[in-house]
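Commentary on secondary and tertiary structure
Below are the chains, spelled out letter by letter.
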Amino acid sequence: MDELSLQKVPYFFVIDFLSENVEVYKENEIEKSGLMIDFQQFSTNKKKHTLNKK
C-alpha cells in the first residue's frame, strides 16, 4: 500500500477484524475481483439507483 500511495495509484483495501488477512486491489482490478463498492464519490455499480425518501 505504501508503494501504491507513493506512486499515486488509486487502490482499495480490505482488512479482516483480526487483521490477519489484508487484500489490496488497484482501481483497475476491483471490477475483475467481483467486489461491489458504492461510496458517494466512487462506485463499481453501473446502475444508479434513486432513493425514494417518502
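Everything quoted here is computed from the prediction, not taken from an experiment.

Reading guide: rules and limits
- Residues numbered from 1 in each chain as written.
- Predicted model: local features only at pLDDT ≥ 70, side-chain atom pairs only at ≥ 80, totals over all residues.
- Heavy atoms only, no water.
- Pairing = 2+ DSSP bridges.
- Helix = DSSP H or I, 4+ residues; strand = E, 2+ residues; numbered from the N terminus.
- Phe/Tyr/Trp six-rings, centres within 6.5 Å; stacked < 30°, edge-to-face > 60°.
- Buried < 20%, exposed > 50% of the residue type's maximum accessible area, 1.4 Å probe, protein only.
- pLDDT = per-residue confidence, 0-100.

With that out of the way, let us pick up the pairing of strand 2 (residues 22-26). The side chains of a regular strand alternate between both faces of the sheet. Direction of pairing for strand 1 (residues 11-15) relative to strand 2: antiparallel, over a ladder of five bridges. In the strand pairing of strand 2, Ile15 is matched with Val22. Counting the residues that bridge the hairpin from strand 1 to strand 2 gives six residues, and of these Ser19 lies at a positive phi of roughly 60°.

Here the focus is the packing of aromatic side chains. In total, this model carries one aromatic pair according to the counting rule given. Between the aromatic rings of Tyr11 and Phe13, the centroid separation amounts to 6.2 Å while the plane-to-plane angle is 40°, which identifies the pairing as tilted. Judged by relative accessible area, Phe13 falls into the partly exposed class, the value being 39%.

The predicted coordinates ought not to be read in detail in places where the model reports low pLDDT. On average, residues of the protein chain score 84 in pLDDT, and 96% of them reach the 70 mark or higher. Mean pLDDT values over the elements of the protein chain span from 81, in helix 2 (residues 30-33), up to 92, in helix 1 (residues 2-6).

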